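# Chain and residue survey
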Amino acid sequence: MKKMEIKQSIVLRKATMEDAKLLYQWKNDKATIENSITKRGVTMEEHLKWLENVIDNPNRKLFILDLDGTSVGQLRLDFEKVIYNEKCSLVKIEDVADEEKKYELSAEISYGLGAEYRGKGLGKVLLEQADTLATIFKIAVLKAEVLPHNKASQKLFKKLGYIEEQRDDLYIYTKRYV
């Protein structure tokens, strides 16, 4: 597919309730449902409740990627304090002695693009924005869960330096920042 030429500007902005309709359309897109962990669409009522909760939750950040003034995708970060080992694998907290516990801020990535913007290099743009956010929010590790059939996301995470680990029916991608 042809990569999209960026003519003017890339802006990553916080999502608002005014983005509800567009986010709802993206969430219920057939390919999005197929590649999501939940494997289902949502009603507008469910979506509005979810969006309000995300916007009000200090441990979640939802952003919209605007390209030349047009909204093309979304990026969500869900924050948590965790313990990772040197290989970027999550360590069970109960397996670490209290005096050795050193928590780090981790964020799970969820991203998506409008159907007409897929295959144009914009997924890379979104994940590069996640790199910037990792620095801003002092995130130690970014993590993503990807289904086995979602080859495009797998390829992209690997290309951007994420470590791949297979668990059950998921591929887990992690990237350490500090």
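Note: the structure precedes this text.
Residues numbered from 1 in each chain as written. Predicted model: local features only at pLDDT ≥ 70, side-chain atom pairs only at ≥ 80, totals over all residues. Heavy atoms only, no water.

Our next topic: the overall build of the chain. Scanning the chain for helices and strands turns up five helices and seven strands. Counting helices and strands in the order they occur from the N terminus, the chain gives β-α-α-α-β-β-β-α-β-α-β-β. The proportion of buried residues among the 178 residues of the chain is 39%. On the chain, roughly 10700 Å² of surface is accessible, and the fraction owed to carbon and sulfur atoms is 51%. (Helix = DSSP H or I, 4+ residues; strand = E, 2+ residues; numbered from the N terminus. Buried < 20%, exposed > 50% of the residue type's maximum accessible area, 1.4 Å probe, protein only. Areas by Shrake-Rupley, 256 points an atom, 1.4 Å probe, with all protein chains shown as cover.)

So, on to unusual backbone geometry. Even without being glycine, K138 reaches a positive phi, approximately 60 degrees. Along the chain, K138 turns up in the loop between α4 (122-136) and β5 (141-146).

Moving on, we come to the packing of helix α1 (residues 20-27) against helix α3 (residues 44-56). Relative to each other, α1 and α3 sit at 115 degrees, their axes nearing to 10 Å. For the pair α1 and α3, the crossing hand works out as right-handed. Contact residues: A20, K21, L23 and Y24 in α1; M44, H47, L48 and L51 in α3. Here the residues of the contact of α1 with α3 sort into six nonpolar, one polar and one charged. (Axes fitted to C-alpha atoms, helices over the stretch in contact; angles between N-to-C directions. Left-handed = near helix turned anticlockwise from the far one by under 90°. Contact = heavy atoms within 4.5 Å. Nonpolar A, V, L, I, M, F, W, Y, C, P; charged D, E, K, R; others polar.)

Next up on the list: the side chain of S71. One can find S71 in strand β3 (residues 70-82). Within the local environment of S71, its side chain forms a polar contact with the side chain of R13, the two groups lying 3.3 Å apart. Side-chain polar atoms of S71 contact the side chain of D66, separated by 2.6 Å. The residues contacting S71, other than those within four sequence positions of it, are R13, L22, W26, I64, L65, D66 and Y117. (Polar contact = N/O pair within 3.5 Å; in protein donor to acceptor, adjacent residues only side chain to side chain.)

Attention shifts here to the pattern of salt bridges. Here the structure, examined in full by the defined rule, presents twelve salt bridges. Between R13 and D19 there is a salt bridge, with the nearest N and O atoms lying 2.8 Å from each other. Under the relative-accessibility criterion, R13 is labelled partly exposed at 24%. For D19, a relative accessible area of 8% corresponds to the buried category. A salt bridge links D131 to K175, with the shortest nitrogen-to-oxygen separation between them at 3.2 Å. Taken together, the residues D131 in helix α4 and K175 in strand β7 (residues 170-176) connect sequence positions 44 residues apart. On the accessibility criterion, K175 (16% relative accessible area) is buried. One salt-bridge network, in which partners are shared between bridges, spans R13, D19 and D66. (Salt bridge = Lys/Arg side-chain N within 4 Å of Asp/Glu carboxyl O.)

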